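Below, each chain spelled out in residue letters.
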Amino acid sequence: MERNELLQKVRNIEIKAKGLSQNIFAGEYHSAFKGRGMTFSEVREYNYGDDVRDIDWNVTARYNKPYVKVYEEERELTVMLMVDLSGSKDFGAMGVAKREMMAEIAATLAFSAIQNNDKVGLIFFTDKIEKFIPPKKGRKHILLLISQLLSFEPTSNGTDINHALEYMTSALKKRCTTFLVSDFIDSGDYFKSMSIANHKHDLIAIQVYDHREAQLPDVGLMKVLDAERGTTRWVNTSSSKVRKAYSKWWYDRQQAMQDVVMRCNVDMASVATHEDYVKSLMALFKKRG
């Protein structure tokens, strides 16, 4: 991508994302994420009705009477954007390419975060960690993130959500709000790492997919490319048996993914590339708020 073209795309996304975050998402973002992180403030003597889970046993043993930990809301959050850059990101048959949709969603979340005085960082991943940009504040930093979202070229095409979650969990010591933006085309098992990540941090999953991935069109023989493995094969889409088998594969994969997300107690939104992602994000924010 030429420099002038990249700058224009960055500017276009900035205008759209900033407008959405200011006029639509500002209040929803604050109610959905502010106050969910809690930081230790002090200890005080136990009062009737206090949650026994807040008892500080070390202080209690020292003074021979119960003390509880007091927490306060973290008004300043750290927001991490984990963006999947595997080979399937470039697919877009029914709308824009998935990568473009992911970039807009991530940019909108980033602008919503900085308007609430939060830090924003970025992790690109495939089947390895491609790039880590530490969390910072400010418009200049956000524009850097958007530029990277549009122009960064990964060195691999595979997908390993498990490894990406393990890296995020170990790399970020302080509790943060993490948006995992991916098409979730991953045959690996990431239940354990997702459960641990959501326990340590506040994890939100956003699936971006193309509707054509859910069903094959009836167009006769079609050459299909596996963008992550680099292999091709011919598929007879005129066969109703083939189309039904493909639809079942997609349905089973979606069910398995949603089951993992639900068991990990992770909030999730799914957005098709031909749909308005604003509605999906608003529904996600309202659910959490």
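The structure this text deals with has already been given above.
Peer 1: Could you clarify how one ought to interpret the overall build of the protein chain in this entry?
Peer 2: For the protein chain, the count of helices and strands is eight helices and ten strands. By principal-axis analysis of the C-alpha atoms, the protein chain measures approximately 80 × 45 × 35 Å. Within the protein chain, buried positions represent 47% of all 289 residues. For the protein chain, the proportion of contacts with a sequence separation of at least 24, taken over those separated by at least 6, is 75%. Accessible surface, the protein chain as shown: approximately 15,000 Å² in total, 50% of it carbon and sulfur.

Peer 1: Is there a simple way to explain the pairing of strand 5 (residues 129-136) in this structure?
Peer 2: Looking along a regular strand, one sees side chains alternate from face to face of the sheet. The pairing of strand 4 (residues 119-125) with strand 5 spans five bridges and is classified as antiparallel. Bridging from a neighbouring strand, Val-120 pairs with Lys-136 of strand 5. Count of turn residues in the strand 4/strand 5 antiparallel hairpin: three residues.

Peer 1: So what exactly am I meant to see when it comes to the packing of aromatic side chains here?
Peer 2: The geometry of an aromatic ring pair is captured by two quantities: the separation of the ring centres and the angle between the planes. Summed over the entire model, instances satisfying the criterion amount to six aromatic pairs. Ring centres of Phe-132 and Tyr-167 lie 6.1 Å apart, and the angle between their planes is 75°; on these two criteria the pair is classed as edge-to-face. On the criterion of sequence distance, the pair formed by Phe-132 in strand 5 and Tyr-167 in helix 5 (residues 161-171) is long-range, its members being 35 residues apart. Residue Tyr-167 is classed as partly exposed on the basis of its relative accessible area of 26%. One Lys or Arg, Arg-263, reaches over the ring of Phe-191 and ends 4.2 Å from the middle of that ring.

Peer 1: In this structure, what is going on with helix 4 (residues 139-151)? I would like to understand it.
Peer 2: In an α-helix there are 3.6 residues to a turn, and that puts residues three or four apart on one side. With 13 residues, helix 4 extends 18 Å between its outermost C-alpha atoms, agreeing within 8% with the 18 Å of an ideal straight helix rising 1.5 Å per residue. Residues of helix 4 that are buried include every one of His-141, Ile-142, Leu-143, Leu-145, Ile-146, Ser-147, Gln-148, Leu-149 and Leu-150, and no others.

Peer 1: Quick question: what am I supposed to make of the packing of helix 3 (residues 98-115) against helix 8 (residues 277-288) here?
Peer 2: How two helices sit against one another is set out by the angle between their axes and by the gap between those axes. The geometry of helix 3 relative to helix 8 is characterised by a closest axis approach of 11 Å and an angle of 45° between their N-to-C directions. Classified by the interaxial angle, the pair formed by helix 3 and helix 8 is oblique. Like other packed secondary-structure pairs, helix 3 and helix 8 cross with a definite hand, here right-handed. Note on element contacts: helix 8 touches helix 3 through Tyr-277, Leu-281 and Phe-285, opposite Met-101, Glu-104, Ile-105, Thr-108 and Leu-109.

Peer 1: Just checking my understanding: could you explain the sheet that holds strand 3 (residues 78-84) for this structure?
Peer 2: Hydrogen bonds along the backbone pair up the strands of a sheet, which may run parallel or antiparallel. Taking strand neighbours across the sheet as the criterion, the six strands line up as 5-4-3-6-7-10 in an open arrangement whose pairing is mixed. A single partner strand is all that each edge strand has here, and the edge strands are strand 5 and strand 10 (267-272). Taking the axes of each pair of neighbouring strands and ignoring which way they run, one obtains an average angle of 15° across the sheet. One ladder, built from six bridges, connects strand 7 (residues 202-209) with strand 10; its direction is parallel. Looking at strand 10, one finds that Val-208 is bridged to Val-271.

Peer 1: Quick question: what am I supposed to make of helix 7 (residues 240-263) here?
Peer 2: An ideal rise of 1.5 Å per residue puts 34 Å on 24 residues; helix 7 measures up with 34 Å between its terminal C-alpha atoms. When helix 7 is considered as a whole, its buried residues turn out to be Trp-250, Arg-253, Gln-254, Met-257, Val-260 and Val-261. Residues of helix 7 that are buried sit in contact with helix 6 (191-200), strand 7 and strand 10. Taken from the residues just after helix 7, Asn-265 is the one with a positive phi, measuring 60°.

Peer 1: Explain the nonpolar core to me, please; I cannot follow it from the model alone.
Peer 2: Grouped burial of nonpolar side chains is what soluble globular proteins tend to show. Formed by 48 residues in total, the largest nonpolar core has its most connected members in Leu-81, Ile-105, Ile-146 and Phe-179. Broken down by element, the residue count for this core peaks at ten residues, all from helix 3. Once you skip the residues sitting within four places of it in the chain, Phe-179 turns out to touch Phe-33, Val-79, Met-80, Leu-81, Met-82, Leu-109, Ile-204 and Ile-206.

Peer 1: What is the right way to read the state of the cysteines from this model?
Peer 2: Two cysteines form a disulfide when their sulfur atoms are joined by a covalent bond. Overall, the coordinates contain zero disulfides when judged by the stated rule. In this structure Cys-176 is not part of a disulfide, and its nearest cysteine sulfur, from Cys-264, lies 16 Å away. Overall, the relative accessible area of 4% leaves Cys-176 in the buried class. Look at Cys-264 and you get buried, because its relative accessible area is 6%.

Cut-off values and rules
Residues numbered from 1 in each chain as written. Predicted model: local features only at pLDDT ≥ 70, side-chain atom pairs only at ≥ 80, totals over all residues. Heavy atoms only, no water. Helix = DSSP H or I, 4+ residues; strand = E, 2+ residues; numbered from the N terminus. Buried < 20%, exposed > 50% of the residue type's maximum accessible area, 1.4 Å probe, protein only. Contact = heavy atoms within 4.5 Å. Areas by Shrake-Rupley, 256 points an atom, 1.4 Å probe, with all protein chains shown as cover. Pairing = 2+ DSSP bridges. Phe/Tyr/Trp six-rings, centres within 6.5 Å; stacked < 30°, edge-to-face > 60°. Lys NZ or Arg CZ within 6 Å of the ring centre and 35° of its normal. Expected span 1.5 Å × (residues − 1). Axes fitted to C-alpha atoms, helices over the stretch in contact; angles between N-to-C directions. Parallel < 35°, antiparallel > 145°, perpendicular 65-115°, else oblique. Left-handed = near helix turned anticlockwise from the far one by under 90°. Core = buried A, V, L, I, M, F, W, Y, C linked by side-chain atoms within 4.5 Å. Disulfide = S-S within 2.5 Å.

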